[in-house]
Amino acid sequence: MLFSCKISSAVLSYFEKQGEDSNLLLESTSLPEEFLCDPSYWMKAGEMENFLLAAQRIAKEEGPLLQKIGHAGPELRSWGVLDSVLRMMPRPQEIFSQPQRFLSYFISPEPPVDHVIKTEFSIELDLPVSSEIYPLVTTYLKSAFESLPVYVGKPLATGSWNDIHLKINWASEQESIFEQDPGHQISPELLRSVVSSLELHQRELEEKNRELQVRNEQLSKAQREMEAQIAEKVDVQGVLSADVHQLDFIDENSIQILTHHISRLTDYMVRAQQLVTMLVGQERTKPAVKEAMRRIDWDRIKTQFPLTVQETRHILEKTQKKYQEQNHV
């Protein structure tokens, strides 16, 4: 399960607004700042929970931090396209009447909802995200739900999230929350068209980022497999860089085996390079791909591997020559 970086973006925006030092928070995760601030990016569920835990530990202000950040959503404007969608709606009825749609902006894959109960002043439902497993994320999301009426100038709602059960209530004074606001004279058809267009754009961005995350993981996996294969064989350079005079135990058969291993390692590297090229494709300039390439230092690997192979083969040739001289071959 993934959680949207709309959450981390909101936290960082709140830290900046409050004058908090976010450097320690950024150091608490391996994701670069540009991803954490990208509302269309996604983070693994456990990593997001740990990020919010770090935020709570670092923040100097007292009180329910994540609740404050969730309630501050309308002023933080850290949800990207979703902020624009909410501001164009004359009433939050669409969001409250379709809670799964709102949750899908923050949880991937889109969580199914069950046991939905709607009344004039409340909505409650069950969803497969437990507040016991993710207490910090659910606290933020509950508060985000509570902030929705604020987008149309109404007071905050109130809510609770107990295990998998979410309930949101709005006060009786907000009865007009489901009435048409005469101040909005936008054509309903035009509004629906614009909102649909914005939501489609948001979905496309999020889908592309999910694809990049998958490619990032595939790239990292390919790198780990390549390293494991190399380590599995033999640290040829380490052995053969030793004083050739200390390698008297190596016979000509051993030299041939080592030469064969070097050829196989070269073949592995060529295959890995082909895989990386295929995975990267036209996405090389994307932030996620660039970050993955940087982490594994791919450019250096491509440059150094053939040089290492060349040096190792040179040492093997010297060793073979010495062996032949000693044995008058």
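Remember, it's a predicted structure, so these values are computed and weren't measured experimentally.

## Quick notes on the overall build of the protein
Here comes step 1: For the protein, the count of helices and strands is 15 helices and seven strands.
Here comes step 2: Burial statistics for the protein: of 329 residues in total, 42% are counted as buried.
Here comes step 3: Within the protein, counting contacts between residues at least 6 apart in sequence, those at least 24 apart form 75% of the total.

## Quick notes on the sheet that holds strand 3 (residues 107–108)
Here comes step 1: Strand order across the open sheet formed by three strands is 2-1-3, with antiparallel pairing between neighbours. Edge positions in the sheet fall to strand 2 (42–44) and strand 3, since each of these pairs with one other strand and no more.
Here comes step 2: Sheet topology places strand 1 (residues 2–4) next to strand 3; two bridges connect them, and they run antiparallel. By the bridge assignment for strand 3, phenylalanine 3 is matched with isoleucine 107.

## A few points about the confidence of the model for the protein
Here comes step 1: Mean pLDDT over the protein: 75, with 64% of residues reaching 70 or higher.
Here comes step 2: With pLDDT under 50 throughout, residues 172–187 is counted as low confidence; its partners more than four residues away or in other chains account for 24 contacts.
Here comes step 3: In the model, residues 239–249 has pLDDT below 50 throughout and makes 15 contacts with residues more than four positions away in sequence or in other chains.

## Quick look at the pairing of strand 6 (residues 158–162)
On a regular strand, one side chain projects to one face of the sheet and the next to the other, so that they alternate.
Here comes step 1: Of the pairings in the sheet, the one linking strand 6 to strand 7 (residues 165–169) comprises five bridges and is antiparallel in character. Paired with serine 160 across the strands is lysine 167, a residue of strand 7.
Here comes step 2: Connecting strand 6 to the antiparallel partner strand 7 that follows it, the hairpin turn spans two residues, and aspartate 163 within it adopts a positive phi of roughly 55°.

## Some thoughts on the side chain of serine 8
Here comes step 1: Among the structural elements, serine 8 can be located in helix 1 (residues 6–18).
Here comes step 2: A polar atom in the side chain of serine 8 sits 2.7 Å from the backbone oxygen of leucine 36.
Here comes step 3: With near-sequence residues (within four places) excluded, serine 8 lies in contact with Leu36, Met43, Met48 and Phe51.

## Focus on the sheet that holds strand 7
Here comes step 1: In space, the four strands of this open sheet follow the order 4-5-7-6, with antiparallel pairing throughout. Where the open sheet ends on each side, the last strands, each with one partner, are strand 4 (114–118) and strand 6. With strand direction ignored, the average angle separating the axes of adjacent strands in the sheet is 5°.
Here comes step 2: Lying over the sheet, helix 10 (residues 135–147) contacts strand 6 and strand 7, oriented at roughly 155° with respect to strand 6.

## A closer look at helix 10
Here comes step 1: Its 13 residues place the ends of helix 10 18 Å apart at the C-alpha level, agreeing with the 18 Å of an ideal helix rising 1.5 Å per residue.
Here comes step 2: Along helix 10, eleven of the 13 residues are buried, which leaves the element largely enclosed by surrounding structure.
Here comes step 3: Leu136, Val137, Thr138, Tyr140, Leu141, Lys142, Ser143, Ala144, Phe145, Glu146 and Ser147 are the residues of helix 10 that are buried.

## Things to note about the packing of aromatic side chains
Here comes step 1: Enumeration over the complete set of coordinates arrives at seven aromatic pairs.
Here comes step 2: Aromatic pair tryptophan 79 and phenylalanine 106: ring centres 5.3 Å apart, planes at 80°, arrangement edge-to-face. Taken as a pair, tryptophan 79 in the loop between helix 6 (73–76) and helix 7 (81–88) and phenylalanine 106 in the loop between helix 9 (99–103) and strand 3 lie far apart in primary sequence, 27 residues in all.
Here comes step 3: Residue phenylalanine 106 is classed as buried on the basis of its relative accessible area, which comes to 0%.

## What about unusual backbone geometry?
Here comes step 1: Residue proline 109 is reached from serine 108 by a cis peptide bond, and omega for that bond is 0°.
Here comes step 2: Mapped onto the elements of the fold, proline 109 is located in the loop between strand 3 and strand 4.
Here comes step 3: The residue histidine 115 is not glycine, and still its phi comes out positive at about 50°.
Here comes step 4: One non-glycine residue, aspartate 163, lies in the positive phi region at around 55°.
Here comes step 5: Mapped onto the elements, aspartate 163 comes out in the loop between strand 6 and strand 7.

## Points about the packing of helix 1 against helix 4 (residues 45–58)
Between two packed helices, the angle of one axis relative to the other and the distance separating the axes together describe the packing.
Here comes step 1: Across the interface, helix 1 lies against helix 4 with an axial gap of 10 Å and an inter-helix angle of 15°. Between helix 1 and helix 4, the angle falls in the class roughly parallel. Along this stretch, helix 1 crosses helix 4, giving a crossing that reads as left-handed. In contact with Ile7, Ser8, Val11, Leu12 and Phe15 of helix 1, helix 4 contributes Met48, Phe51, Leu52, Ala55 and Ile58.
Here comes step 2: Considering only residue class, the contact of helix 1 with helix 4 consists of nine nonpolar, one polar and no charged.

## A look at the pattern of salt bridges
Here comes step 1: Taken as a whole, this structure holds three salt bridges when the rule is applied.
Here comes step 2: Across the salt bridge formed by glutamate 146 and lysine 142, the nearest N and O atoms sit 3.0 Å from each other. Residue glutamate 146 and its partner lysine 142 are both found in helix 10; the two are separated by four residues, about one turn of the helix. Each member of the pair, glutamate 146 together with lysine 142, is buried.

What counts as what
- Per-chain numbering applies: the sequence of each chain, read as written, is numbered from 1 onward.
- In view of the model being predicted, local features appear only for residues whose pLDDT reaches at least 70, and side-chain atom pairs are presented and counted only at 80 or more, with totals across whole chains, interfaces and linings using the full set of residues.
- Side-chain descriptors were evaluated using all non-hydrogen atoms of the structure, hydrogens and water having been removed beforehand.
- Each helix is a run of H or I in the DSSP string that is no shorter than four residues. Each strand is a run of E no shorter than two, and both are numbered from the N terminus.
- Note on classification: 1.4 Å probe, protein chains only; a residue is buried when its accessible area is under 20% of the maximum for its type, exposed when over 50%, partly exposed between these limits.
- Working rule for contacts: check all heavy atoms of both residues, and any pair within 4.5 Å makes them a contact.
- Only strands joined by at least two bridges in the DSSP assignment are considered to pair.
- The pLDDT score gives, residue by residue, the confidence of the prediction method on a 0 to 100 scale.
- Residues adjacent in sequence count toward polar contacts only when both atoms are side-chain atoms; beyond that, a polar contact is any pair of N or O atoms within 3.5 Å, and within protein one must be able to donate a hydrogen and the other to accept it.
- To get an axis, a line is fitted to the C-alpha atoms, and for a helix only the part in contact is used. The angle between two axes follows their N-to-C directions and goes from 0 to 180 degrees.
- Expected span of a helix, by definition, is 1.5 Å for each gap between consecutive residues, and there is one gap fewer than residues.
- Paired rings are identified among Phe, Tyr and Trp, the last through its six-membered ring, by centres lying within 6.5 Å, and are further divided according to the angle between planes into stacked (under 30 degrees), edge-to-face (over 60) and tilted (the rest).
- These descriptions rest on fixed angle ranges, namely under 35 degrees for roughly parallel, over 145 for roughly antiparallel, 65 to 115 for roughly perpendicular, and the rest for oblique.
- Helix crossings fall into two classes, left-handed where the near helix is turned counterclockwise from the far one by less than a right angle and right-handed where it is turned clockwise.
- In this count, Pro and Cys sit with the nonpolar residues alongside Ala, Val, Leu, Ile, Met, Phe, Trp and Tyr, while Asp, Glu, Lys and Arg are called charged and the others, Gly among them, polar.
- In the sections that follow, a salt bridge refers to a side-chain nitrogen of Lys or Arg positioned within 4 Å of a carboxyl oxygen of Asp or Glu.

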